[in-house]
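Inside the fold
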Amino acid sequence: MLCDIYTILFFASKPAMIVYQEYPPIPALRPWLDCVWTCRVQTGATPVTHQVLPDNGIDILCQDQQDASFAVGMMTAPIAVVSHGLVQTVAARFKPGAATRFFQLPLCELNDGRTGLQQLWGRDLAMRLGDALWSAPLSDAQRLAILQDYLLLRLRAGPPLRAPGVAQHAIAAIEGAHGLLRVEELARRLGVSGQHLALQFRQQVGIGPKLFARICRFRAASNGLKRLAAQPDWAQVALQYGYFDQSHLIHDFQDFAHSAPDAWLAGRHR
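So, here is what we can say about the structure in this document. All of these numbers come straight from a predicted model, not from anything done at the bench.

1. Remarks on the overall build of the protein
The helix and strand inventory of the protein stands at 11 helices and nine strands. Along the first, second and third principal axes, the C-alpha atoms of the protein reach 55 × 50 × 30 Å. Taking contacts inside the protein between residues at least 6 apart in sequence as the whole, the part at least 24 apart equals 66%. Surface exposure of the protein reaches about 13900 Å², of which carbon and sulfur atoms provide 54%.

2. Structural notes on the pattern of salt bridges
Throughout the structure, instances matching the rule amount to 10 salt bridges. For the salt bridge of E22 with R93, the shortest nitrogen-to-oxygen distance reads 3.2 Å. A residue pair is termed long-range when its members are at least 10 positions apart, and E22 in strand β2 (residues 17-23) and R93 in strand β8 (residues 86-94) qualify at 71 residues. Side by side, E22 and R93 carry an identical accessibility label, which is buried. Close ionic contact of D55 with R93 constitutes a salt bridge, the shortest N to O distance being 3.9 Å. Placement of the pair is D55 in the loop between β4 (48-52) and β5 (58-63) and R93 in strand β8, with a sequence separation of 38 residues. The partly exposed category is assigned to D55, whose relative accessible area is 22%. A network of salt bridges, in which partner residues are shared, links E22, D55, D59 and R93.

3. A short note on the nonpolar core
One finds F94, F103, W121 and L151 to be the most contacted residues of the largest nonpolar core, which totals 66 residues. Ignoring anything within four residues of it in the chain, the contact list for W121 reads I60, F102, F103, L129, Y150, L151 and R154. Listed in part, the 13 residues of the second largest apolar core include V41, A68, V72 and V87.

So, how was this worked out
- Residues numbered from 1 in each chain as written.
- Predicted model: local features only at pLDDT ≥ 70, side-chain atom pairs only at ≥ 80, totals over all residues.
- Heavy atoms only, no water.
- Helix = DSSP H or I, 4+ residues; strand = E, 2+ residues; numbered from the N terminus.
- Contact = heavy atoms within 4.5 Å.
- Areas by Shrake-Rupley, 256 points an atom, 1.4 Å probe, with all protein chains shown as cover.
- Salt bridge = Lys/Arg side-chain N within 4 Å of Asp/Glu carboxyl O.
- Buried < 20%, exposed > 50% of the residue type's maximum accessible area, 1.4 Å probe, protein only.
- Core = buried A, V, L, I, M, F, W, Y, C linked by side-chain atoms within 4.5 Å.

Quick look at the structure:
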């Protein structure tokens with residue numbers, strides 16, 4: 001396993017601690033995965049809650065508590081994750097539009113929820129994965145290798161690969177522009193109707209292209225705010241990240257973080 005590329009270590013409330021680490025996937029899965037990751041949560045008597053924001057990704061999570069393995073679909077709003085005791089997670093995050101190769105169903109059916117791998121992959125395969133991950137003491141690297149082996153098994157059992165379709169081309173264009181493009185113009189450029197593009201997105205990505213673009217723009221803004229050391233000029237932030245005005249920036253933060261941007265930023269720096 002290569003060295004981790006992203007690590008968070010923070011104390012939620014003593015003696016609670018969360019350690020989150022991201023790693024690059026193995027070469028055979030890099031066309032499909034953004035990363036694989038681990039998370040270890042250790043709490044005291046009081047449960048710990050942390051917020052997860054929409055990120056245009058679909059994840060598979062495998063946890064040691066009650067042998068839980070499930071997929072988290074595309075999020076259109078933030079979710080509050082509550083942990084109690086020791087919780088260990090190994091997981092994989094798919095690139096937008098890639099999870100359809102592993103689940104073979106319209107991805108809109110997974111939106112804003114968690115679906116057990118027994119339902120998606122069948123009881124036998126899901127149970128074997130759980131046994132392989134948690135029946136013996138293993139390192140994080142060993143568990144991530146096992147998860148990726150099962151993803152490769154699922155990939156090779158799927159239908160033959162096809163050339164990138166309209167949804168994949170649209171994803172690349174929207175991400176390349178950080179969400180700052182008109183979807184109607186993109187559809188015309190791709191030679192399809194807006195309705196056709198929206199249908200392909202819902203099936204292969206999970207949400208429509210306009211919402212996907214909004215989340216791309218919100219992610220760019222929220223990630224940029226994390227790096228600021230001083231109190232920002234909100235009108236300037238809105239302009240910098242392509243919002244029509246400050247009210248549109250506030251609207252996206254209310255939708256995707258359930259918070260005004262200044263309150264969200266203050267909470268990040270507490």
